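For reference, the chains in residue letters:
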Amino acid sequence: MEPTSAARRPAPVLAGLIEQYHGYRLHGYDPGMHRGLPSRNVTFIVSIGNPIDVAAQTDPRQSPDSYRCVLSGLQATPALIAHDGNQEGVGIELTPVGFRTLFARPARELWNTTVELDDLVGRIGSELWERLQVTPTWAARFEVCDEVLTRLLRPEVPEVADELAHAWELLVGSGGTTTVGEISASTGWSRQHLTRRFTDEFGLGPKLAGRIVRFERARHMLQSVPTHVSIAQVAAVCGFYDQAHLTNEFTELAGCTPAQWLRSEELPSFQYEEMSPG
């Protein structure tokens, strides 16, 4: 019997664009609302079976909608996803640098916005969804993702500037603790030029990006550490001044405190490990 979750790195040609694929299958839970939280990666999920029902978008000006293949840009506020207790799909951890390479446009164009994959790539989006519906195993589903997404690569698409790719790597590699001044010095650009170019490419400035990376690290740690580890200890490890700082950041980016989020998030958080080929 197939496991309820699995993960695997993408094909080598997609390395650096996609961090990993992760499959999930959840059945028999109480209906409820799941928070889609800010992340260092672009949200890219292919539903299997039920569509993804976004009850509240990150931008309140965008109407609620349902998606077969959902693609959301970087964000600094949560989305609310309604579910009936059953969810299945494949998450594709697409980097902002990879977004430009696959979709021939900067991640800025999808900042705080959610679209159906078809809206960006046409029929190939429907093909990806349709093929995953009839592919029975995680390994085979990940192979379908490799095959379909590799076809989006085009040599004529300009890559993200080396300085911007380096800036993003510094933020992610430091867990969001690298300062704008340190990034500026490392790229050789002035702070003003860095912030302008960074925002033009990714949709947000490096300071906010660092906050989101730090927040994401903290929330993953809160879900995975033993219960005797306190929020204050997590705050210290993740580079926050103190527990109050973490709580304030969590409230702004997630719309609730860490304690409220942990109580309300009833769906399990899978700790993915790389899956063996085949």
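For clarity, every value in this text was computed on a predicted model and none was experimentally measured. (Residues numbered from 1 in each chain as written. Predicted model: local features only at pLDDT ≥ 70, side-chain atom pairs only at ≥ 80, totals over all residues. Heavy atoms only, no water.)

**As for the sheet that holds strand β7 (residues 69–72)**
Read across the open sheet, the 6 strands follow the order β1-β2-β9-β4-β7-β10; overall the sheet is antiparallel. Among the strands making up the open sheet, the edge pair consists of β1 (5–8) and β10 (114–116). On average, adjacent strands in this sheet sit at an angle of 20° to one another, irrespective of strand direction. Judged from the 7 bridges that link them, strand β2 (residues 18–26) and strand β9 (residues 87–94) form a sheet pairing that is antiparallel. What sits directly across from G23, in β9, is V90. Running at roughly 140° to β2, helix α4 (residues 138–150) makes contact with β1, β2, β4 (43–47) and β9 of the sheet. (Pairing = 2+ DSSP bridges. Helix = DSSP H or I, 4+ residues; strand = E, 2+ residues; numbered from the N terminus. Axes fitted to C-alpha atoms, helices over the stretch in contact; angles between N-to-C directions. Contact = heavy atoms within 4.5 Å.)

**What about the pairing of β4?**
As defined by bridge partners, β4 adjoins β7 across 4 bridges and the pair is classed as antiparallel. Note on β7: the bridge partner recorded for V46 is C69. Sheet topology note: the β4/β9 ladder contains 3 bridges and is antiparallel. Within β9, the residue paired with I45 across the bridge is G91.

**Concerning the packing of helix α5 (residues 162–173) against helix α6 (residues 180–187)**
Packing of α5 against α6 brings their axes to within 10 Å, and their N-to-C directions diverge by 140°. Classed by the angle they form, the pair α5 and α6 counts as oblique. Seen along the crossing, α5 lies across α6 with a hand that is right-handed. Between α5, through E163, H166, A167, L170 and L171, and α6, the contact on the second element is made entirely by I183, S186 and T187. Classifying every residue of the contact of α5 with α6 gives 4 nonpolar, 3 polar and 1 charged. (Parallel < 35°, antiparallel > 145°, perpendicular 65-115°, else oblique. Left-handed = near helix turned anticlockwise from the far one by under 90°. Nonpolar A, V, L, I, M, F, W, Y, C, P; charged D, E, K, R; others polar.)

**Here's the deal with the side chain of T178**
Structurally, T178 can be placed in the loop between α5 and α6. Polar side-chain contacts of T178 include one of 3.5 Å to the backbone oxygen of L170. Not counting residues within four places of it along the chain, the set of residues in contact with T178 comprises L170, L171 and I183. (Polar contact = N/O pair within 3.5 Å; in protein donor to acceptor, adjacent residues only side chain to side chain.)

**As for the state of the cysteines**
What the rule picks out here adds up to 0 disulfides. Residue C238 stays outside any disulfide, its sulfur separated by 16 Å from that of C256, the closest cysteine. Residue classification places C238 among the buried residues on the basis of a relative accessible area of 1%. (Disulfide = S-S within 2.5 Å. Buried < 20%, exposed > 50% of the residue type's maximum accessible area, 1.4 Å probe, protein only.)

**Notes on the layout of surface pockets**
Here the second largest pocket is characterised by a volume of approximately 410 Å³. Around the second largest pocket sit 21 residues that line it, and G16, L17, T95, V97 and E169 are the ones nearest its centre. At the level of secondary structure, the elements contributing two or more residues to the lining of the second largest pocket comprise β2, α1 (96–103) and α5. Looking at the lining of the second largest pocket, the element that brings in the most residues is α5, giving 6 residues. (1 Å grid on protein atoms, 1.4 Å probe; cavity = no way out; pocket = protein on both sides within 12 Å on 5 of 7 lines; lining within 4 Å. Points joined across faces, edges and corners; volume = space filled by probe spheres on them.)

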